[in-house]
Amino acid sequence: MELSLDITLWITLCGVGFIAGFIDAIVGGGGMLTVPTLLTIGLPAHVALGTNKLAASFGSLTASITFYRKKLFDPKFWRLSIIFTAIGAVIGTLIVNYLSTEFLEKVLPILIAITALYTLLAKSVVESTAGLPLLNPVIKAKQIIQGFILGFYDGVAGPGTGAFWMASSNLLYKVNILLSCGLARSTNFVSNFCSLLTFIYLGHVNALLGISMGLFIMCGAWIGARSAIKYGGKFIRPIFIVVVIVMSVNLAYQAWL
């Protein structure tokens, strides 16, 4: 699908990308800004999701590398999470390909709004100072189930996946906020990239838009990851939620009314 975009719209898309990358690196949920924006400019739902995966992969890779270098993500410990996140993402993306565009356009605003409200209301950030738990069969089972479910969700929809990773990791493993962030950013890259490869195979990616937004998401993620490590993400949550809910209401109005 070809779009005619003027310079103002390009600047808006790149600006949204920067903000989304910054937010995603701190609290997760940058897709709740980028997906509605891509839908608003007229991309079909499948293409919006695929293009968002391309753009988001830039940011999640940048953030995950930052947390890894700070020793806040241990790939060996989270090996099963990584594997089953990848499996879930591919399966979810293949399933979403069989959903009609009209159905997706009606459902996505609802999913985005619910995720925004969940992010607002859930106590997803704990002040625990605990490190990684002892790796045992129970922890491994949790990693498999969590990885597959969240990878599958990211393949089907995506917005808010990072926030879900943080919330569920706090609950399942009782790890501290920075370790939760490191896990969320790294597994989010895995699901983004696996889903992206599947969307490319299915032909649902606008490469020019995805790369343009992705470069700015990467810049935002680079700054956001360092801010998260230094300050945490509570300060940005209220503004983030308000913006997302407004955009979700607008999309719901266009899709349903």
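Residues numbered from 1 in each chain as written. Predicted model: local features only at pLDDT ≥ 70, side-chain atom pairs only at ≥ 80, totals over all residues. Heavy atoms only, no water.

## Side note on the overall build of the protein
Stated precisely, the cut-off is as follows: Segments assigned H or I by DSSP are reported as helices when at least four residues long, segments assigned E as strands when at least two residues long, and all are numbered from the N terminus. Relative accessible area decides the class of each residue, using a 1.4 Å probe on protein chains only: under 20% of the type maximum gives buried, over 50% gives exposed, and in between gives partly exposed. Throughout, a residue-residue contact means that at least one pair of heavy atoms, one from each residue, lies within 4.5 Å. Accessible areas in this description were obtained via Shrake-Rupley with a 1.4 Å probe; residue shielding takes into account the shown protein chains only.
Counting secondary structure elements, the protein contains 10 helices and zero strands. In the protein, the succession of helices and strands from N to C terminus is α-α-α-α-α-α-α-α-α-α. Classification of the 257 residues of the protein by burial places 53% in the buried group. Within the protein, contacts between residues at least 6 apart in sequence are counted, and of these 85% link residues at least 24 apart. Accessible area of the protein: about 11600 Å², with a carbon and sulfur share of 72%.

## Looking at the pattern of salt bridges
Using the following cut-off: What makes a salt bridge here is a side-chain nitrogen of Lys or Arg within 4 Å of a carboxyl oxygen of Asp or Glu, nothing more.
One pass over the structure, following the stated rule, counts one salt bridge. The salt bridge involving Lys53 is made with Asp154; its shortest N-O contact spans 2.6 Å. Within this pair, whereas Lys53 is found in helix α3 (residues 45-69), its partner Asp154 is found in helix α6 (residues 137-156), the two being separated by 101 residues in sequence. On the basis of relative accessible area, Lys53 is assigned to the buried category, the value being 1%.

## Some details on the side chain of Ser169
For clarity, the threshold we go by: Polar contacts, as counted here, are pairs of nitrogen or oxygen atoms within 3.5 Å of one another; within protein the pair requires one atom able to donate a hydrogen and one able to accept it, and residues that are adjacent in sequence qualify only if both atoms are side-chain atoms.
Among the secondary structure elements, Ser169 is positioned in helix α7 (residues 161-173). Assessed through its relative accessible area of 0%, Ser169 is described here as buried. In this structure the side chain of Ser169 is engaged in a polar contact, spanning 2.7 Å, whose partner is the backbone oxygen of Trp165. Sequence-distant contacts of Ser169, defined by excluding residues within four places in its chain, comprise Gln146, Lys174, Val175, Ser180 and Leu183.

## A few points about the environment of Trp165
Tracing the sequence through the fold places Trp165 in helix α7. Taking relative accessible area as the criterion, Trp165 reaches 0% and is therefore assigned buried. In this structure, the C-alpha to C-alpha distance between Trp165 and Cys181, residues 16 residues apart in sequence, is 8.3 Å.

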